[in-house]
Amino acid sequence: MTARREAPDVDQLARSMLRLYGAHDDHEEHDHNGGNGIRSKAPDFVSDPDRAAAVREATLRDRERYLTSGLVSVDCRFCHVAVQVKKLGPGHTAVQWTTEASQRCAYFAEIRQSGGESARARACPKLADSIKHAVAEGCLEEISSAPSPGDG
Ligand SMILES: [Zn+2]
């Protein structure tokens, strides 16, 4: 149970894309499950492949919209990388890292160099600072007003 995976896995980090961190966030530990995938609420349209494809496409679109709506680009003032950020509420911040950003971030690089696993790091603390600044400057909403998919 306490075994650590050895290689820092930037790809995994990039794949998990939406990373959450915050004072009382307990979702992060589930990252290694590879995400929830797309849960199909719709019945299977086995007899109607066109319909099935349309439904699948709509689901992907919804997912895409959910992941990108309300995202604001924030520069890490320390690492000079840009990440997409969305505040979900106090203590809940979604940060979308690109592969490039996670590779260039000095904080993650430091962890990798010291043999740690960057994918398990919460987030670059310098970036957290930059996010606070972005909110203070009005560049980023304290709580995103983008429509939530939760009530649909
Ligand atoms: Zn950074």
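What counts and how
Residues numbered from 1 in each chain as written. Predicted model: local features only at pLDDT ≥ 70, side-chain atom pairs only at ≥ 80, totals over all residues. Helix = DSSP H or I, 4+ residues; strand = E, 2+ residues; numbered from the N terminus. Contact = placed C-beta atoms within 7 Å. Core = buried A, V, L, I, M, F, W, Y, C linked by C-beta atoms within 7 Å. Buried ≥ 20, exposed ≤ 12 C-beta atoms within 10 Å, placed from the backbone. pLDDT = per-residue confidence, 0-100. Pairing = 2+ DSSP bridges.

## Structural notes on the overall build of the protein chain
Scanning the protein chain from N- to C-terminus turns up 5 helices and 4 strands. When the elements of the protein chain are put in sequence order from the N terminus, they spell out α-β-α-β-β-β-α-α-α. Restricting to contacts in the protein chain with at least 6 residues of sequence separation, those with at least 24 account for 64%.

## Section: the nonpolar core
By size, the foremost hydrophobic cluster in this structure holds 15 residues, and its most contacted members are Cys76, Val81, Val83, Val85, Cys105 and Cys124. Contributions of two or more residues to this core are made by strand E3 (82–89) and helix H5 (125–136). When near neighbours in sequence (up to four residues on either side) are disregarded, Val83 contacts Val74, Cys76, Val95, Gln96, Trp97, Ala101 and Leu127.

## A closer look at the confidence of the model for the protein chain
Detailed reading of the predicted model is not advised wherever pLDDT is low. Residues at a pLDDT of 70 or more form 59% of the protein chain, whose mean pLDDT is 71. Mean pLDDT across the elements of the protein chain bottoms out in strand E1 (residues 18–21) (42) and peaks in strand E2 (residues 72–75) (90). For residues 13–36, every residue scores under 50 in pLDDT, and the model assigns this stretch 36 contacts once sequence neighbours within four places are set aside.

## Remarks on the pairing of E3
Examined bridge by bridge, E2 and E3 share 4 bridges and lie antiparallel to one another. Its bridge partner lying in E3, Val74 is registered against Val83. With antiparallel pairing between neighbouring strands as the criterion, E2 and E3 make up a hairpin whose turn holds 6 residues, including His80 at a positive phi of roughly 60°. One ladder, built from 5 bridges, connects E3 with strand E4 (residues 92–96); its direction is antiparallel. Its bridge partner being in E4, Gln84 is matched across the sheet by Gln96.

## Let's talk about the environment of Trp97
Tracing the backbone shows Trp97 in the loop between E4 and helix H3 (99–104). Expressed as a C-alpha distance, the spacing of Trp97 and Ala82, which sit 15 residues apart in the sequence, is 8.3 Å.

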